[in-house]
Amino acid sequence: MGAARKITVYIFAVILIVWSLIPVYWFTSMSFMADVEVSSIPPHFYPQQPIIANYLRMLGYPATEQYGNETLYFRPSGYSEAIRRGILNSIIVASVVTAVTLAIATPVGYAFGRYRFRFKNSLLMTLLFTRALPPISVLIPFFFLYQVLGLHGTIVGLVIIYLSITIPLISWVLMGFFATLPVETERAARVDGCSRIGALAKVVVPMASAGIGTTAILTFLISWNEFLFAWLLTQGTNGQTLPPEFPAMLFGVIDNTGLFAATVIGLIPPIIISLLFGRFIVRLRIVDPVTTIGQ
């Protein structure tokens, strides 16, 4: 790659990063502002007098802040209970979905990536077909089904429907990753007396830890950020997760600074998960479906 091309790539990368981070900076900055500063004209691009009261009241705590020559008193937000419950529910749902998805998708991806077996192509096409369906096409059927089964507004119901999203996707990703791992190490373990399951657990899974860790982050983020099913199936119930609460804050009693603070709070768990598993983030090689099918 020539020098001019490298510079062009770097410029576009910087532009993309800045474009992506501007909204994050904007609502993070406004989450530390008082209402009077948020509505000021011209707008302030950074907090003139930063306060943390918005975060405290969104978590259900009163706060007192000195703002200039005035003392401002903040009561807990009326949305604080829903925000706390939504965060807890989102953590539970995302954690359970991540654990179950990896437990199922790891052996599935291993089987598809390593072995030839009967009906492999048909099963692979079925797996891919589940991801080809747009979520909106199954939204209403799931709503009525959950009403009949008593799963509407429950964490269990959300976990089930999220697994139908994550298991096919993660199985597909891990299939490509397992297909790139060297076979010789696994064969040596089999020669040394390991069973097929033992070789998978003791040899293949440790070799695939990078891919598994990366897909764990991906699964957690999908479950944490999912809005459509959570909105239809849990809105207004005790099983409501965090994403459906944000529209309620826009169409109910509008609380701008509280909304900004709640948005930042909602970013913290995914950031923590990404930092904890960041060392696993590698560039995964996804095998060509045309190449994989028929092997």
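Since we're looking at a predicted model, the values are computed, not measured.

Trainee: So what's going on with the packing of aromatic side chains? Which residues, and what values?
Mentor: Counted under the stated rule, the structure contains eight aromatic pairs. Between the aromatic rings of F32 and Y55, the centroid separation amounts to 5.1 Å while the plane-to-plane angle is 45°, which identifies the pairing as tilted. On the criterion of sequence distance, the pair formed by F32 in the loop between α1 (3-30) and α2 (35-38) and Y55 in helix α3 (residues 53-58) is long-range, its members being 23 residues apart. For Y55, a relative accessible area of 14% corresponds to the buried category. Relative to Y146, the ring of F142 lies with its centre 5.8 Å away and its plane at 85°, an arrangement referred to as edge-to-face. With F142 and Y146 both in helix α6 (residues 135-149), this residue pair falls four residues apart, about one helical turn. On the basis of relative accessible area, Y146 is assigned to the buried category, the value being 2%. An aromatic cluster is defined as three or more aromatic residues linked by ring pairs; in this entry it consists of F142, Y146 and F229.

Trainee: Describe the environment of P247, and please don't skip the residues or the numbers.
Mentor: When you line up the elements, P247 lands in helix α12 (residues 245-251). Using a relative accessible area of 22% as the deciding quantity, one classes P247 as partly exposed.

Trainee: So what's going on with the pattern of salt bridges? Which residues, and what values?
Mentor: Tallied over the entire structure, the rule returns one salt bridge. The partner of R85 in a salt bridge is E81, and the shortest N-O contact between them spans 3.9 Å. Within this pair, R85 and its partner E81 are both found in helix α4 (residues 80-114), separated by four residues, close to a single helical turn. Taking the relative accessible area as the measure of exposure, R85 reaches 26% and is therefore partly exposed. With a relative accessible area of 53%, E81 lands in the exposed category.

Trainee: Explain the nonpolar core to me, and be specific about the residues and the numbers.
Mentor: Counting 22 residues, the largest nonpolar core has M58, I83, I87, W224 and M249 as its most contacted members. Elements with a minimum of two residues in this core: α1, α3, α4, α10 (209-225) and α13 (256-276). Take this core: its biggest share by element is seven residues, from α13. Beyond its immediate stretch of four places on either side in the chain, M58 contacts S77, Y79, S80, I83, M249, D255, G258, A261, A262 and I265. Y146, L151, Y162 and L163 belong to the second-largest nonpolar core, a separate cluster that totals 15 residues.

Cut-offs and rules
- The numbers attached to residues start from 1 for each chain and follow its sequence in the written order.
- Side-chain atom pairs in this predicted model are given and counted only at pLDDT of 80 or more, local residue features only at pLDDT of at least 70, and totals for whole chains, interfaces and linings cover all residues.
- For side-chain calculations, the full set of non-hydrogen atoms in the structure is used, while hydrogens and water are omitted.
- Aromatic pairs are defined between Phe, Tyr and Trp rings, using the six-membered ring for Trp, whenever the two ring centres lie within 6.5 Å; interplanar angles under 30 degrees are classed as stacked, those over 60 as edge-to-face, and all others as tilted.
- Helix and strand assignments come from DSSP, with helices taken as H or I runs of at least 4 residues and strands as E runs of at least 2, each series counted from the N terminus.
- Exposure categories follow from relative accessible area, calculated using a 1.4 Å probe and restricted to protein chains: below 20% of the type maximum is buried, above 50% is exposed, and the middle band is partly exposed.
- Any carboxyl oxygen of Asp or Glu within 4 Å of a side-chain nitrogen of Lys or Arg constitutes a salt bridge here.
- The criterion is simple. A nonpolar core is a set of buried Ala, Val, Leu, Ile, Met, Phe, Trp, Tyr and Cys residues joined through side-chain atoms within 4.5 Å.
- Should any heavy atoms of two residues lie within 4.5 Å, those residues are considered in contact.

None of the figures reported here should be taken as evidence of function without further support.
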